[in-house]
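Chain and residue survey
Residue strings, one per chain:
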Amino acid sequence: MLIILAALAAAIFMGINVGGNNAAASMGAAYGAKARTKNQAILLIAVFSLLGAVLNGGEVIKTLGEGIVPGSTITLIAAIIAIAAASISLFIGNWLKVPISASQAAVGAVVGIGVFYGVLDTKLLSYIVLWWMATPILSFVLAYIAGRYIHPKVLVWLVDHESEEQIRKIIGMLLTVTGCYVAYSAGANNVANAVGPLVGAGFLDPTNGAILGGLTLGVGALLIGGRILQTVGDDIAEICAIRAVFVEFISAVIVHSASIAGVPVALGQVVPAAVIGIGCAKKGIATVKSKTVKRIIVMWVVSPLIASSLAYATIRLVS
């Protein structure tokens, strides 16, 4: 009974931290553009991250639960250790108000377990790392192109064809749609970080895992999501409402594509990269607040190493 409670506690703690960190980053652009209040943003995040987890989270759950390390290898204790190690890494990011990658922390923890048992799918791991490298670069490039070339034309068209009041309504509607899409994509991709190892260990089936993970993601967004909203929305680069639409749409498409492919990617990298790209398109590199960006980059590198080391050391100690 104690081991079951520990498993549930680890999953809930991880899910809350994932929801507070990565899911909250999904609406940082809109919050920074003053298109939504903090309360509106986190409520939409909670609802749509749950929907994404339940409806579209199965493939990533399989990858994290059974792909990197065979599910038959992961015991319930090993699964708890993996989730707890990733949670600690993510908690550090939340405490520092840095949108680090829950996916990288979770994968790092599973790798630590795999290294201990000597069973690791290095081909799949390399494929995932390739996605990690490509997605923020793609996000930056697409956002830069959108900000540099598409945004001015859209702005001119709106001014020529619509009244100021109508423009505000159109932008507000677009921000709502794209922001909800990002939250949905975040739920689909990040739910595996909370429950993947438990599904691999046979403690939960994929459906119940998706429901439990989705609920905890939503609770995390409501309880602690505001801190990361502040960092992504205000502390990286200043963006207007139309640019925020581009940031959200680009981020959502990239993360959703990864979810369909079953790859756990870093929403905490994709969204800030798009914000940086759109900011550079406006006023060049000077618009980016380098201190915040450097802190984010450091945590991107450190978080999976922390999770992997903690998982390896703990499973070795327990065994």
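Because the structure is a prediction, the values reported are computed rather than measured. (Residues numbered from 1 in each chain as written. Predicted model: local features only at pLDDT ≥ 70, side-chain atom pairs only at ≥ 80, totals over all residues. Heavy atoms only, no water.)

**Focus on the overall build of the protein**
Worth spelling out the cut-off: Starting at the N terminus, helices and strands are each numbered in turn, a helix being any DSSP run of H or I of at least four residues and a strand any DSSP run of E of at least two. Any residue under 20% of the maximum accessible area for its type is buried, any over 50% is exposed, and the rest in between are partly exposed; the area is computed with a 1.4 Å probe on protein chains only. Contact definition: two residues touch when any of their heavy atoms are within 4.5 Å.
Scanning the protein for helices and strands turns up 12 helices and zero strands. Secondary structure elements in the protein, listed N-terminal to C-terminal, are α-α-α-α-α-α-α-α-α-α-α-α. For the protein, the proportion of its 319 residues judged to be buried stands at 56%. For the protein, the share of sequence-separated contacts (at least 6 apart) that also reach a separation of at least 24 residues comes to 89%.

**A word on the packing of aromatic side chains**
Filter applied, for reference: Note on aromatic pairs: the rings of Phe, Tyr and Trp (six-membered ring only in Trp) are paired at centre separations within 6.5 Å, and the planes decide the class, stacked below 30 degrees, edge-to-face beyond 60, tilted for the rest.
Scanning the model with the defined rule gives four aromatic pairs in all. Between the aromatic rings of Phe140 and Tyr144, the centroid separation amounts to 6.4 Å while the plane-to-plane angle is 20 degrees, which identifies the pairing as stacked. Taken together, the positions of Phe140 and Tyr144, both in helix 7 (residues 122–161) and four residues apart, correspond to about one turn of that helix. A relative accessible area of 31% places Phe140 in the partly exposed class.

**Looking at the nonpolar core**
Counted only if it meets this: We call a set of buried Ala, Val, Leu, Ile, Met, Phe, Trp, Tyr and Cys residues a nonpolar core when their side-chain atoms join them within 4.5 Å.
Residues Met14, Ile68 and Val195 are the most contacted members of the largest nonpolar core, which totals 72 residues. Per-element accounting of this core gives the leading share, 11 residues, to helix 8 (residues 164–200).

**Some points on the side chain of Thr178**
Heads up, the rule is: Distance and chemistry together define a polar contact, namely a pair of N or O atoms within 3.5 Å, with one atom able to donate a hydrogen and the other to accept it when in protein, and with adjacent residues in sequence counting only for side-chain atoms on both sides.
Looking at the secondary structure, you find Thr178 in helix 8. A relative accessible area of 6% places Thr178 in the buried class. Here Glu248 takes part through its side chain, which lies 2.6 Å from a polar atom of the side chain of Thr178.

**Some thoughts on the side chain of Ser49**
Relative to the elements of secondary structure, Ser49 occurs in helix 3 (residues 38–56). Discounting residues that sit within four places of it in the chain, Ser49 has contacts with Ala183, Tyr184, Gly187, Leu217 and Gly218.

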